Amino acid sequence: EIGDDNHFREFVTVNRGTLPGTKTVIGSHNHFLAYSHIAHDCVVGNHCVFSNNGTLAGHVTVEDHVIIGGLTAVHQFCRIGPLAMVGGQAHVTKDVPPYVTIDGLSSLVVGLNQIGLQRHGHSEEQIKSLRAAFKTLYRSKLNIAQALEALRAGSPCEDVRHLIEFVASSQRGITPAGREQE
């Protein structure tokens with residue numbers, strides 16, 4: 001199932017669902033550059049960019065406004081949250097939380113995707129809230145459960161609530177932090 005105004009470049013492959021009643025779903029306004037691959041039973045949101053050889057294994061979910069760098073491979077059953085930016089040559093084996101940047105070489109979270117947030121109209125106040133949530137999740141000495149509890153206690157904004165829900169519902173765990181490059 002493919003939405004409107006998608007651009008598929010040379011040698012892109014998109015596979016159908018594997019069982020009767022299952023399907024691969026691609027939203028609208030996406031760009032799939034040369035040799036991108038979307039495997040079976042994947043869901044891709046809207047306004048995403050898959051650079052050359054950006055590859056999804058089966059059952060991957062990619063939310064809206066995600067950028068997948070060239071030569072990136074995403075393991076089966078992973079999820080990538082909205083406005084995440086995954087650097088080239090990354091190997092994604094855990095869920096990528098919303099609004100973060102993944103370094104391609106280390107495949108670790110290195111910061112908040114502040115430029116992406118600004119380009120998509122997030123206010124300074126929203127970005128400040130997300131920055132604080134990011135620091136609680138990734139830079140404090142709290143474990144994930146403790147960080148989520150602390151974030152819930154702070155009457156979070158809608159974006160932070162989405163981040164909390166995404167992390168709390170992760171089956172694979174979330175991509176760990178690397179050295180911050182903000």
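Each value, and the rule that gives it
Residues numbered from 1 in each chain as written. Predicted model: local features only at pLDDT ≥ 70, side-chain atom pairs only at ≥ 80, totals over all residues. Heavy atoms only, no water. Pairing = 2+ DSSP bridges. Helix = DSSP H or I, 4+ residues; strand = E, 2+ residues; numbered from the N terminus. Contact = heavy atoms within 4.5 Å. Axes fitted to C-alpha atoms, helices over the stretch in contact; angles between N-to-C directions. Buried < 20%, exposed > 50% of the residue type's maximum accessible area, 1.4 Å probe, protein only. Arc of directions from axis to C-beta. Core = buried A, V, L, I, M, F, W, Y, C linked by side-chain atoms within 4.5 Å.

*Asks:* Residue-level account of the sheet that holds strand β9 (residues 61–62), with values.
*Replies:* One open sheet holds the 4 strands; their spatial order is β3-β6-β9-β12, and the pairing between them is parallel. For this open sheet the edge positions go to β3 (25–26) and β12 (79–80), each flanked by a neighbour on one side alone. Judged from the 2 bridges that link them, strand β6 (residues 43–44) and β9 form a sheet pairing that is parallel. The partner of V43 across the bridge, within β9, is T61.

*Asks:* Kindly report on the sheet that holds strand β10 (residues 67–68), identifying the contributing residues and their values.
*Replies:* Within a sheet, each strand pairs with its neighbour through backbone hydrogen bonds, oriented either parallel or antiparallel. With mixed pairing, the 7 strands of this open sheet are ordered in space as β1-β4-β7-β10-β13-β15-β16. Of all the strands in the sheet, the pair left with one neighbour each is β1 (7–8) and β16 (109–112). Together, β15 (100–102) and β16 form the strand contacts of helix α2 (residues 124–139), whose direction differs from that of β16 by roughly 155°.

*Asks:* Lay out helix α4 (residues 158–168) in plain terms, naming residues and giving numbers.
*Replies:* Note on helix geometry: an α-helix contains 3.6 residues per turn, so any two residues three or four positions apart are oriented the same way. If you check which residues of α4 are buried, you get D159, V160, L163, I164, F166 and V167. Projected down its long axis, α4 carries its buried residues within an arc of 165°, all on one side. Facing away from the buried side of α4, by more than 90 degrees, are the exposed residues E158 and E165. Tucked into the core, α4 has its buried residues touching β12, α2 and α3 (144–153).

*Asks:* Pulling in residues and values, what's your account of α2?
*Replies:* Burial in α2 covers these residues: I127, L130, A133, F134, L137 and Y138. End-on view of α2: buried residues confined to an arc of 125°, all on one side of the axis. More than 90 degrees from the buried face of α2, the exposed residues found are E124, E125 and K128. Among the structural elements, β15, β16, α1 (114–119), α3 and α4 are those in contact with the buried residues of α2.

*Asks:* Break down the nonpolar core for me, citing the residues and quoting the values.
*Replies:* V44, F50, L56, V62 and I80 are the most contacted members of the largest nonpolar core, which has 43 residues in total. Elements with a minimum of two residues in this core: β15, β16, α2, α3 and α4. Considering every element that reaches this core, the biggest residue donor is α2, with 6 residues. Discounting residues that sit within four places of it in the chain, L56 has contacts with H37, I38, A39, C42, V44, F50, V62 and V74.

Read these as spatial facts, not as claims about activity.
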